[in-house]
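This is what each chain is made of:
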Amino acid sequence: QVQLVESGGGLVQPGGSLRLSCAASRSIFSMYIMGWYRQAPGKQRELVATATTGGTTNYADSVKGRFTISRDNAKNTLFLQMNSLKPEDTAVYYCNARLLYVNYWGQGTQVTVSS
């Protein structure tokens, strides 16, 4: 019943912008903490940003000031607005839903930042 589907990835030049979307299942969106993670080839998956239903957000230091996480509770959709993109932002980005220690993941969407 839990489905997380990411979209919006692609190829952008350094300094460019991109917005990712995550369509979530209504069964979990209202109570789960939603977030974005990313994983580059050969590296560990890392947290990018999270957002609670009440609007509390947090960001990894590496993206703070450049990325903005938001959620549309009416549409059960999570967003990640990425500005001032850098080559080191290149990774597969995953949507995540978490409640306590229960986690659900999307299939991921590729983001490539290159000139």
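The structure presented is a predicted model; accordingly, all values stated were derived computationally and were not measured.

## Re the nonpolar core
Link 1 in the chain: Of all hydrophobic cores here, the largest spans 29 residues; its most connected members are Met34, Trp36, Leu80, Met82 and Tyr93.
Link 2 in the chain: At the level of secondary structure, the elements contributing two or more residues to this core comprise strand E3 (18-24), helix H1 (26-29), strand E4 (33-39), strand E5 (46-51), strand E7 (67-72), strand E8 (77-82), strand E9 (91-99) and strand E11 (109-113).

## With respect to the packing of aromatic side chains
Aromatic ring pairs are defined here through the distance separating the ring centres and the angle between the ring planes.
Link 1 in the chain: The full count for this structure, using the stated rule, is 2 aromatic pairs.
Link 2 in the chain: Summarising the aromatic geometry, the rings of Tyr32 and Tyr104 are spaced 5.9 Å apart at their centres and angled 50 degrees between planes, so their arrangement reads as tilted. Residue Tyr32 is located in the loop between H1 and E4, and its partner Tyr104 is located in strand E10 (residues 102-105); the two are separated by 72 residues in the primary sequence.
Link 3 in the chain: On the basis of relative accessibility, which here comes to 8%, the residue Tyr32 falls in the buried class.
Link 4 in the chain: Taking relative accessible area as the criterion, Tyr104 reaches 31% and is therefore assigned partly exposed.
Link 5 in the chain: Note on Tyr37 and Trp105: the rings are 4.9 Å apart at their centroids and 70 degrees apart in plane angle, and the pair reads as edge-to-face. Residue Tyr37 is located in strand E4, and its partner Trp105 is located in strand E10; the two are separated by 68 residues in the primary sequence.
Link 6 in the chain: For Tyr37, a relative accessible area of 14% gives the class buried.
Link 7 in the chain: Taking relative accessible area as the criterion, Trp105 reaches 37% and is therefore assigned partly exposed.
Link 8 in the chain: Residue placement shows Arg45 over the ring face of Tyr94; its charged tip is 3.8 Å from the ring centre.
Link 9 in the chain: It is Arg71 that lies over the ring of Phe29; its NZ or CZ is 4.3 Å from the centre.

## Considerations on unusual backbone geometry
Link 1 in the chain: Its identity is not glycine, yet Asn76 carries a phi of approximately 55 degrees, on the positive side.
Link 2 in the chain: By the secondary structure assignment, Asn76 is in the loop between E7 and E8.
Link 3 in the chain: Not every positive phi belongs to a glycine, and Ser84 is a case in point at roughly 50 degrees.
Link 4 in the chain: Along the chain, the position of Ser84 falls in the loop between E8 and E9.

## Thoughts on the sheet that holds E8
Link 1 in the chain: Ordered by their spatial adjacency, 4 strands build an open sheet running E1-E3-E8-E7, and the pairing between neighbours is antiparallel. At either margin of the open sheet sits one strand with a lone partner, and together these are strand E1 (4-7) and E7. Within this sheet the neighbouring strands show an average axis-to-axis angle of 15 degrees, counted without direction.
Link 2 in the chain: With 4 bridges joining them, E1 and E3 adopt antiparallel strand pairing. Following the sheet pairing, Ser7 is matched in E3 by Ser21.

## Quick look at the environment of Pro41
Link 1 in the chain: Of note, Pro41 is situated in the loop between E4 and E5.
Link 2 in the chain: A C-alpha to C-alpha distance of 7.3 Å links Pro41 and Ala91, two positions 50 residues apart in sequence.

Calculation criteria
Residues numbered from 1 in each chain as written. Predicted model: local features only at pLDDT ≥ 70, side-chain atom pairs only at ≥ 80, totals over all residues. Heavy atoms only, no water. Core = buried A, V, L, I, M, F, W, Y, C linked by side-chain atoms within 4.5 Å. Buried < 20%, exposed > 50% of the residue type's maximum accessible area, 1.4 Å probe, protein only. Helix = DSSP H or I, 4+ residues; strand = E, 2+ residues; numbered from the N terminus. Phe/Tyr/Trp six-rings, centres within 6.5 Å; stacked < 30°, edge-to-face > 60°. Lys NZ or Arg CZ within 6 Å of the ring centre and 35° of its normal. Pairing = 2+ DSSP bridges. Axes fitted to C-alpha atoms, helices over the stretch in contact; angles between N-to-C directions.

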